[in-house]
Amino acid sequence: MAKQPKRMQKWTGDRSATLTPEDAVKLVKANANAKFDETVEIAVNLGVDPRHADQQVRGVVALPSGTGRDVRVAVIAKDAKAEEAKAAGAEVVGAEDLVERIQGGFMEFDRVIATPDMMALVGRLGKVLGPRGLMPNPRVGTVTPNVGQAVKDAKGGSIEFRTEKTGIIHAGIGKASFTEEQLLANVKAMVEALNRAKPSGAKGTYIKKISLSSTMGPGVRVDTGSFGAA
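What comes next concerns the included structure. This structure is a prediction, so every number in the text was calculated from the model and none was measured.

1. Regarding the overall build of the chain
Stage number 1. Regarding its fold elements, the chain presents 8 helices and 10 strands.
Stage number 2. Compactness check: the chain gives a C-alpha radius of gyration of 19 Å against a globular reference of 17 Å for 230 residues, within 12% of the reference.
Stage number 3. Seen along its three principal axes, the alpha-carbon backbone of the chain occupies a region of about 60 × 45 × 35 Å.
Stage number 4. Counting across all 230 residues of the chain, residues that qualify as buried make up 47%.
Stage number 5. Sequence-distant contacts in the chain: of pairs separated by 6 or more residues, those separated by 24 or more amount to 71%.
Stage number 6. Surface summary for the chain: the accessible area is close to 11,800 Å², and the carbon and sulfur share equals 48%.
Stage number 7. Computed over 33 positive and 26 negative side-chain charges, the inter-centroid distance for the chain is 6 Å.

What follows is the structure, given as structure tokens:
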């Protein structure tokens, strides 16, 4: 049998067990032993088939403890709304000029927000932003006249989620340096948001499996019943 890397040899706990959220968070933190502040990630297997329109799951959730990372926000707006976005802390703000920069390959941002009157311009960016999950969408609050609040939400810990083709949702929900209480609050907020986003076409068990992990650590299975999952 091949010798395990030293990092794997340090992993502790029974990773085949199904744990309470509290114990899962504790074990993930214990196994986050990399030399950098690892991201804590959640993976949720949903009982949906995203190929059907009435089984797609998409939304936004405000993590009460934040994400622990700096979010660079680009806002497509003009005039007073552009000034509002700048005042709220957006890194990049523009209208036609910003659309042209993005079409030319500029991608130094993590979230794109647009005002409704800019959507004719934003439509040109579908092939660029769509595959990266960055296309503004009113369903997740990134197409809004309230750009100032949207920028503050993005920087304060608001994250988007969307099912992958296999019906799984992955999201970063904090850093290993967070306290157990902070991580637990974010986990619960994420699961609650998924339950609220349950699509009409979902049949049978909706939340089938939940696991937590850190960037370099092993996955830890969480008891879905602890959240009252459907």
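2. Description of the pairing of strand S9 (residues 207-214)
Stage number 1. Among the 8 residues in S9, 6 count as buried, and that is most of the element.
Stage number 2. With 7 bridges connecting them, strand S2 (residues 39-46) and S9 associate as antiparallel partners. Bridging across to S9, Asn45 finds its partner in Lys209.
Stage number 3. Counting the residues between successive antiparallel strands, the hairpin from S9 to strand S10 (residues 220-222) contains 5 residues.

3. Structural notes on the sheet that holds strand S8 (residues 168-175)
Stage number 1. An order of S1-S10-S9-S2-S8 is seen for the 5 strands of this open sheet, with the pairing classed as mixed. The sheet is open, and its two edges are formed by strand S1 (18-19) and S8, each paired on a single side.
Stage number 2. Pairing between S9 and S10: 3 bridges, direction antiparallel. Bridging across to S10, Ser211 finds its partner in Arg221.
Stage number 3. Each of S2, S8 and S9 is contacted by helix H8 (residues 180-196), which is oriented at about 155° to S8, the strand it contacts most.

4. Some points on the packing of aromatic side chains
Stage number 1. According to the stated counting rule, one finds 1 aromatic pair in the structure shown.
Stage number 2. Note on Phe106 and Phe109: the rings are 5.8 Å apart at their centroids and 55° apart in plane angle, and the pair reads as tilted. Across the pair, Phe109 and Phe106 agree in class, each one buried.
Stage number 3. Lying across the ring of Phe106, Arg101 places its NZ or CZ 4.0 Å from the centre.

5. Concerning H8
Stage number 1. Taking 1.5 Å of rise per residue, the 17 residues of H8 would be expected to cover 24 Å, and the 24 Å separating its terminal C-alpha atoms lies within 8% of that figure.
Stage number 2. Residues of H8 that are buried include every one of Leu183, Leu184, Asn186, Val187, Ala189, Met190, Val191, Ala193 and Leu194, and no others.

6. Quick notes on the side chain of Thr115
Stage number 1. Relative to the assigned elements, Thr115 resides in the loop between strand S6 (111-114) and helix H5 (119-122).
Stage number 2. The class for Thr115 is buried, based on a relative accessible area of 2%.
Stage number 3. Here Thr115 is in contact with Ile76, Ala77, Lys81, Val143, Thr144 and Val147, once residues within four sequence places are set aside.

7. Let's talk about the sheet that holds S6
Stage number 1. One open sheet accounts for 3 strands, arranged S5-S4-S6; its pairing is parallel. Each of the sheet's edge strands pairs with one partner strand only, and the pair in question is strand S5 (92-94) and S6. On average, each strand axis in the sheet is inclined to that of its neighbour by 15°, with strand direction left out of account.
Stage number 2. Both strand S4 (residues 73-76) and S5 contribute to a ladder of 3 bridges, which runs parallel. Each bridged residue has a counterpart across the sheet, and for Ala74 the counterpart in S5 is Val92.

8. Some thoughts on unusual backbone geometry
Stage number 1. With a phi angle near 55°, Asp79 is a residue other than glycine that sits in the positive phi range.
Stage number 2. Look at Asp79 and you get exposed, because its relative accessible area is 60%.

9. Observations regarding the packing of helix H3 (residues 79-88) against helix H7 (residues 147-156)
Stage number 1. Direction vectors running N to C along H3 and H7 enclose 25°, while the axes themselves pass 8 Å from each other. Classified by the angle between their axes, H3 and H7 sit roughly parallel to one another. The handedness of the crossing between H3 and H7 is right-handed. Across from Lys81, Glu84, Ala85 and Ala88 in H3, the residues of H7 making contact are Val147, Gly148, Val151 and Lys152.
Stage number 2. The residue makeup of the contact of H3 with H7, split by class, is 4 nonpolar, 1 polar and 3 charged.

Rules used throughout
Within every chain, residues take consecutive numbers counted from 1 along the sequence as written. Since the coordinates come from a predicted model, pLDDT governs what is reported: local features require at least 70, and pairs of side-chain atoms require 80 or more to be given and counted, while whole-chain, interface and lining totals use all residues. Hydrogen atoms and water are omitted, and side-chain values are computed over all heavy atoms in the structure. Helix numbering and strand numbering both begin at the N terminus, where a helix is a DSSP run of H or I of at least 4 residues and a strand a DSSP run of E of at least 2. Each radius of gyration reported is based on C-alpha atoms, and the globular scaling rule is 2.2 Å times the count of residues to the power 0.38. Relative accessibility under 20% of the residue-type maximum defines a buried residue, over 50% an exposed one, and the middle range a partly exposed one, all with a 1.4 Å probe and only protein chains included. Should any heavy atoms of two residues lie within 4.5 Å, those residues are counted as being in contact. Here the open area of atoms and residues is found with the Shrake-Rupley method and a 1.4 Å probe, where only the protein chains shown may cover a residue. The charged-residue count follows a simple rule in which Lys and Arg add positive charge and Asp and Glu add negative charge, with His and chain termini not counted at all. One atom stands in for each charge, and that atom is NZ of Lys, CZ of Arg, CG of Asp or CD of Glu. Strands are treated as partners if at least two bridges between them are detected by DSSP. Orientation is described by axes fitted as lines to C-alpha atoms, over the contacting stretch for helices, and by angles from 0 to 180 degrees between their N-to-C directions. Between 30 and 60 degrees the pair is tilted, below 30 it is stacked and above 60 it is edge-to-face, where a pair is any two Phe, Tyr or Trp rings, Trp via its six-membered ring, whose centres lie within 6.5 Å. We call a charge positioned over a ring when the NZ of a Lys or the CZ of an Arg lies within 6 Å of the ring centre and within 35 degrees of the ring normal. Working rule for helices: expected span equals 1.5 Å times residues minus one. Here the word oblique covers every angle except those under 35 degrees (roughly parallel), over 145 (roughly antiparallel) and from 65 to 115 (roughly perpendicular). Crossing handedness is defined as follows: a turn of the near helix away from the far one that is anticlockwise and smaller than a right angle gives a left-handed crossing, while the clockwise case is right-handed. Each residue gets one label: Ala, Val, Leu, Ile, Met, Phe, Trp, Tyr, Cys and Pro are nonpolar, Asp, Glu, Lys and Arg are charged, and the others, such as Gly, are polar.

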